[in-house]
Amino acid sequence: MRKIRLNALFALPLPLRLARRELRGGMAGLWTFLACLALGVGAIAAVGSISASFSAGVASQAAAILGGDLEASQSSLPATPQELALFKSLGRVSEVLGIRAMAWMENAADTAGKRSLTSLKAVDKAYPLAGTMLLRPAIPLAEALELRDGVYGAVAHPDLLARLGAKVGDMIGVGDATFQVRAAILQEPDRSFRLLAFGPRLIVSLEGMRATGLVQPGSMIRYEYRIALPGGEAAQAAEQLKAATAGSGWRVVSASEAQPSMRNSFERLGGLMALVGLSALLLGGLGVSEAVGGYLDGKTRTIATFKALGASGTLVFWIFLPQILLLALAGIGIGLTGGAALGYFGAPALGAVLPVTPVAALYPRPLLLAGAFGLLTALAFALPPLSSRTRVSPLSLFRGYVAPERPRPGRTALAWTLALGAAMAVLVLEASPDKRLGWGFLGSVALCAIVFWLVARLLTGLARRLPSPADARLSLALSALHRPGNPTGSVIFCLGLGLTALAAVSLSDANFQQAMRTELPAQAPAFFFMDIQPAQLEEFESIVRHTPGVTRLETAPSLRGRIVSVKGVPAEKLEVPESVAWALRGDRSLTYAGAMPENTVLTAGAWWVPEYAGKPLVSMDQEVAQGLGLGVGDTLGVYVMGRELELTIASLRRINWLSLALNHVFVLSPGVLEGLPMSFLATAYVPRDADAREAQVLYDRVTSHFGNVSVQRVDEALDDVGRVARQIALAIRLCASVTLAAGLLVLAQSLRAALARRVYETVIYKVCGATRRDILVILLAEHGLAGVVAGSAALGLGAALSWFFGSRYLELDWSFFAGPVLLTVGGGALLTLLLALTGVWRMLGRKAWPYLRND
């Protein structure tokens, strides 16, 4: 008696007992459900884990990335004795100078071809305060840079040695000095992360830097003082130093604040790839719906039996919901395991090409986020078909062959579905590093859903109204597009979203690469010249203008300055969008002009008269001004060469940075900068179709005549940008391929369910004399047409998204490319035909007589 009571006490509720018995029969037909969830969750988990591992790497190596616990830096001016004493009062100090320079082989047979732009860095004997400098051969850095036999030493990046054709032990010239290369750089602890690097690294001593003669008034030199704290909180010491240097040109950062561009780049790229992975998961949600619907269609008699025995719809709902939840948890678990493993083992491999070593570990936040997305998706897409099928009438038991009954879902299920969808939208916005990106994703999903729904309705409507073709087989294929239970909507949705992502990425990449190859070089200058001293300007202009092939020369005075206040508010206290935060992080290039330069496009305000001699005015970039909350008439504080200038905004300009012309964020009115030491920037234009030897002649003349002038080849810079852009596009394209894979899984499930419902129809065809070839033509024509329409719609939508991104944000001349077009449309039709063909072939092998009997 006691045993019976205990069994009753611990017995499962009736719905769970019935669900357990249903599970014994297996869950055939739900493997697509499992695969779609695992694929989408795995993509989000992998991208999130890799992004988290890089963020952890930046955090754990922050001191090495910065070069110390604190850094105080500014352009043009070194620290005064009082400022240096302030730095030393906090801890050990290391002084570092950075400048762009030209390096060349000494005593080379062909010195003209042995010159290269280099990122020159001078360090003291205390460097590095944090991190490890690895050289080949493995010698101490101080020993490699010391003075021997009247020659200073240097260590060079292998890329610089390759460009110069040099090796360890060779002599190279920089400015007025000669250095012996004593080691190659294998690892530089404080190597910065930039999209565009101005030449490979060359490191010399501070004494060696002074010997070059490059340290001149107005030169574009960056002075950095790294501080290693003996103990205490770095953030607190940073605040104290910021307060002590307030109102000056010093930029003070702690290790935790170092390299924000690196951290933000990882977060943005990771967020973008995660959203592409989320699109795969949402598309997989359609597979969840199709799989649950197909599974429950096969349970129609079981559900009807439950109803006939007195079970309510609620009881039937709770019999099947635990089964779906169990399978959802299994799919999520598989996805999380695969994503975590890919992030754990994949991040270190990617770290070889980046200046930070990722920390391989299991990160709970991205895994919990991926799991939450997976669970919300499974429930949101499973509830409507589950609610629909559990409302089946028990009269289904007494009917002969009919299509599975599909009532409308209940209102409660639809309300829960809407609530789950809203929760997913909130989670997208919270997880996105940029809210604009999150809203853009949600808007794109809504747009795709509306467009593909309209396309599906349009296709079925046209198929219903078009006249029947003369060929009976094509007529039957056309009618199948609009008959009840047709797969048209599923094909359009499943293929459409995946192909849209691929089309948008492919067309954007093709346009960007086209711009890198033709458009930008066609309008961009051939060379940038930097650090031209005022006394050299006249001779420099004469040499360039008299070089054959040069069609235009532009010069502009340049001086570095730092924004210290905006409308009277200190820059450190401002909260600005990340898109313009770069303007506050470091020094910006300033210039001045009387008359308004050519090709200037004003968007607000007016230009001053050429002979203006009033209070300091400035014309600034419109995008930066809007990000800082500035308009015409507002004031801006800029620290330049030891003093702060209060500038009044006279006008705003729209700058096309992709033109690569001499664009400056800030152009000041006359009479403000003229008395300060500065250098000149210049650009020289050589037609793309000109003889390459003419461009080389210009390069050789300038570099051989002016040892202090740095030259940047624009084609090399564009190659660097293009290489990084191709790597990013490849990563995003891989994620888009996951979306397409999810779409194919969903499409396979949809076609499988549709073809299962067409078995009886195929039997009728065979009984009426149709051959296998006739049936193949009917079914393949139906699905091929749907695939072409899906591909065309995806191409149009993807092209629209690509055009908007390319023309609105990148300001490129957008155009179609045949490759993505053929891939999208042809691939859509081919994939649909192949999936349909596999199902049709199996279906044609069925015997007719079992379907002609009435059970």
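Because the structure is predicted, anything quoted here is derived from the model rather than measured.

S.K.: Before we go on, may I ask you to explain the overall build of the chain in this structure?
M.R.: The secondary structure content of the chain amounts to 26 helices and 22 strands. Within the span of the chain, comprising 855 residues, buried residues form 50% of the whole. As displayed, the chain offers around 38,800 Å² of accessible surface, 61% of which is attributable to carbon and sulfur atoms.

S.K.: So what exactly am I meant to see when it comes to the packing of aromatic side chains here?
M.R.: The way to describe two aromatic rings as a pair is by their centre distance and the angle between their planes. Taken as a whole and judged by the stated rule, the model has nine aromatic pairs. Measuring from centroid to centroid gives 5.4 Å for F87 and W250, while their planes differ by 85°, and the two rings are edge-to-face. Separated by 163 residues along the polypeptide, F87 in helix α5 (residues 81-90) and W250 in the loop between α9 (234-244) and β11 (251-254) bring together distant segments of the chain. Note on F87: relative accessible area 0%, which makes it buried. Taken together, a centroid distance of 6.0 Å and an interplanar angle of 35° make the contact between F527 and F529 tilted.

S.K.: Is there a simple way to think about helix α18 (residues 537-545) in this case?
M.R.: For an α-helix the count is 3.6 residues per turn, leaving residues at separations of three or four pointing the same way. Turning to α18, its buried residues are L537, F540, I543 and V544. Burial along α18 is one-sided: seen end-on, the buried residues are contained in an arc of 130°. Residues of α18 that are exposed and point more than 90 degrees away from the buried face comprise E538 and R545.

S.K.: Can you walk me through the pairing of strand β10 (residues 222-228) in this structure?
M.R.: The side chains of a regular strand alternate, residue by residue, between the two faces of the sheet. Of all seven residues making up β10, seven are buried, and the element is well covered by its neighbours. As paired strands, strand β1 (residues 70-75) and β10 are joined by six bridges and run antiparallel to one another. Each residue of the ladder has a partner; that of E71, found in β10, is R226. Sheet analysis places strand β2 (residues 92-105) next to β10, joined by seven bridges and oriented antiparallel. The partner of G98 across the bridge, within β10, is R222.

S.K.: What is the right way to look at the pairing of strand β13 (residues 552-566) in this model?
M.R.: Among the 15 residues that make up β13, 11 are buried, leaving the element largely enclosed by the rest of the structure. The pairing of β13 with strand β21 (residues 679-685) spans seven bridges and is classified as antiparallel. Its bridge partner lying in β21, P557 is registered against F680. Here three bridges tie β13 to strand β15 (residues 588-592), and the two strands are oriented antiparallel to one another. The partner of G561 across the bridge, within β15, is R588. Sheet analysis places β13 next to strand β18 (residues 635-640), joined by four bridges and oriented antiparallel.

S.K.: Hey, could you run me through unusual backbone geometry in this one?
M.R.: Most peptide bonds are trans, and most residues other than glycine sit at a negative phi. Cis geometry is found at the peptide bond from Y127 to P128, where omega equals -5°. Positionally, P128 belongs in the loop between β3 (115-123) and β4 (134-136). Here the bond from R136 into P137 is cis, since omega is 5°, no more than 30 degrees from zero. Within the secondary structure, P137 sits in the loop between β4 and α6 (141-145). Despite not being glycine, D531 has its phi angle at roughly 65°, a positive value. Here D531 shows up in strand β12 (residues 527-532).

S.K.: What am I meant to see in the environment of A556 here?
M.R.: Position of A556 relative to the elements: it lies in strand β13. Linking A556 and A593, residues 37 residues apart in sequence, is a C-alpha distance of 8.6 Å. Setting aside residues no more than four positions away along its own chain, A556 makes contact with T591, L662, H664, S679, F680 and L681.

S.K.: Would you take a moment to explain a nonpolar patch on the surface for this structure?
M.R.: On the surface, L325, L329 and L375 cluster together into a nonpolar patch covering about 230 Å² of accessible area. Looking at where L329 falls in the secondary structure, it is placed in helix α12 (residues 313-350).

S.K.: I would appreciate a short explanation of the packing of helix α14 (residues 411-431) against helix α15 (residues 435-465) in the present structure.
M.R.: Helix-helix packing is described using two parameters, namely the angle between the two axes and the distance between the axes. One can describe the packing of α14 onto α15 by two numbers: an axis separation of 8 Å at closest approach and a directional angle of 150°. Of the possible angle classes, the one that applies to α14 and α15 is roughly antiparallel. In this structure, the crossing between α14 and α15 has a hand that is right-handed. On α15, the residues touching A425, V428 and L429 of α14 are K435, G438, W439, F441 and L442. Residues that form the contact of α14 with α15 fall into these classes: six nonpolar, one polar and one charged.

S.K.: Would you explain the pattern of salt bridges in this entry?
M.R.: Side-chain pairing between opposite charges can occur once the charged atoms of the two side chains come close. Applying the stated criterion to the full structure yields nine salt bridges. Residues R226 and E71 are paired through a salt bridge, measuring 2.9 Å at the closest nitrogen-oxygen approach. Taken as a pair, R226 in strand β10 and E71 in strand β1 lie far apart in primary sequence, 155 residues in all.

S.K.: Please explain the nonpolar core as it appears in this structure.
M.R.: Note on soluble globular proteins: their nonpolar side chains tend to be buried together. Formed by 41 residues in total, the largest nonpolar core has its most connected members in F33, L278 and F320. Elements that contribute at least two residues to this core include exactly α3 (31-60), α10 (260-297), α11 (300-308), α12, α13 (364-389) and α14. Beyond its immediate chain neighbours, meaning those up to four positions away, L278 contacts I44, F373, V428 and F441. Among the nonpolar cores identified, the runner-up in size contains 40 residues, and L90, V93, V204 and L214 belong to it.

Reading the values: the criteria
- Residues numbered from 1 in each chain as written.
- Predicted model: local features only at pLDDT ≥ 70, side-chain atom pairs only at ≥ 80, totals over all residues.
- Heavy atoms only, no water.
- Helix = DSSP H or I, 4+ residues; strand = E, 2+ residues; numbered from the N terminus.
- Buried < 20%, exposed > 50% of the residue type's maximum accessible area, 1.4 Å probe, protein only.
- Areas by Shrake-Rupley, 256 points an atom, 1.4 Å probe, with all protein chains shown as cover.
- Phe/Tyr/Trp six-rings, centres within 6.5 Å; stacked < 30°, edge-to-face > 60°.
- Arc of directions from axis to C-beta.
- Pairing = 2+ DSSP bridges.
- Contact = heavy atoms within 4.5 Å.
- Patch = residues over 30% accessible without salt bridge, like charges linked within 9 Å, V, L, I, M, F, W, Y side chains within 5 Å.
- Salt bridge = Lys/Arg side-chain N within 4 Å of Asp/Glu carboxyl O.
- Axes fitted to C-alpha atoms, helices over the stretch in contact; angles between N-to-C directions.
- Parallel < 35°, antiparallel > 145°, perpendicular 65-115°, else oblique.
- Left-handed = near helix turned anticlockwise from the far one by under 90°.
- Nonpolar A, V, L, I, M, F, W, Y, C, P; charged D, E, K, R; others polar.
- Core = buried A, V, L, I, M, F, W, Y, C linked by side-chain atoms within 4.5 Å.

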